[in-house]
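Summary of the model geometry
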Amino acid sequence: MAARRNVRYAALPTEDRDNNNFAEGDVDLRFSYTPKSLRKIPWKSIALALFLLLLGTSLLFLSYFIFTGHMEGDSSQAYGLLFLGFLAFLPGFYETRVAYYSWRGAPGYTFASIPDY
C-alpha cells in the first residue's frame, strides 16, 4: 500500500479562481438544456397507471364489502382481494401522482421519471 504524503492543500486566492466570466445573472446553458426525449409524455404508462389505480381501488372496495358483510364471501377471499388490491393500487397511485405533478410542472417531477413502454 502506498504511503500517505504529507501535502497541505489551501484554497486559491480569489483573483486566481475561475468563474467562467459569468456576470451576476447569467446562466450556464449547459445545465439548462433538456432534450426532447425528456419532455415526451409516456401515454401508455399513464394509461397503465390509471388502470392499476382503478383496479386496485375496486379490489379494495370489494374486500371492504366482504369484510363488513355487505357481500357474500369468506374472509379468506377478502384477504386475497385486499392483498391484490394493495398490490395493484400502490404502483398505480405512485405513477399517477408522478404524472399529475409532472403535468402541473412541480419542481423535481418530470415525465422522464416514468418508464415508457
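Tallying secondary structure elements over the protein chain gives 3 helices and 0 strands in all. Order of helices (α) and strands (β) in the protein chain, N terminus to C terminus: α-α-α. Residues classed as buried in the protein chain amount to 19% of the 117 residues present. Long-range contacts, defined here as pairs at least 24 residues apart, represent 53% of the contacts in the protein chain between residues at least 6 apart. About 10100 Å² of surface is accessible on the protein chain, with carbon and sulfur atoms providing 62% of the total.

In this structure, Ile-46, Val-98, Ala-99, Phe-111 and Ile-114 together form the largest nonpolar core, which totals 5 residues. Setting aside its immediate chain neighbours within four residues, Ile-114 contacts Pro-42, Ser-45, Glu-95, Val-98 and Ala-99.

A separate point is the pattern of salt bridges. Two side chains that carry opposite charge are able to pair once their charged atoms sit near each other. In this structure the tally under the stated criterion is 1 salt bridge. Among the ionic pairs, Asp-116 bridges to Lys-40, the shortest N-O distance being 2.9 Å. Taken together, the positions of Asp-116 in the segment after α3 (75–104) and Lys-40 in the loop between α1 (36–39) and α2 (43–68) put the pair 76 residues apart, joining distant regions of the chain. By relative accessible area, which is 48% here, Lys-40 ends up partly exposed.

Across its 26 residues, α2 extends 37 Å between first and last C-alpha, which sits within 8% of the 38 Å expected from 1.5 Å per residue. Residues of α2 that are buried: Ser-45, Ile-46, Ala-49, Leu-53, Gly-56, Leu-59, Leu-60, Ser-63 and Ile-66.

We now examine the packing of aromatic side chains. One pass over the structure, following the stated rule, counts 7 aromatic pairs. Joined through ring pairs, the aromatic side chains of Tyr-100, Tyr-101, Trp-103 and Tyr-109 make up one cluster.

Cut-offs used in this document
- Residues numbered from 1 in each chain as written.
- Predicted model: local features only at pLDDT ≥ 70, side-chain atom pairs only at ≥ 80, totals over all residues.
- Heavy atoms only, no water.
- Helix = DSSP H or I, 4+ residues; strand = E, 2+ residues; numbered from the N terminus.
- Buried < 20%, exposed > 50% of the residue type's maximum accessible area, 1.4 Å probe, protein only.
- Contact = heavy atoms within 4.5 Å.
- Areas by Shrake-Rupley, 256 points an atom, 1.4 Å probe, with all protein chains shown as cover.
- Core = buried A, V, L, I, M, F, W, Y, C linked by side-chain atoms within 4.5 Å.
- Salt bridge = Lys/Arg side-chain N within 4 Å of Asp/Glu carboxyl O.
- Expected span 1.5 Å × (residues − 1).
- Phe/Tyr/Trp six-rings, centres within 6.5 Å; stacked < 30°, edge-to-face > 60°.

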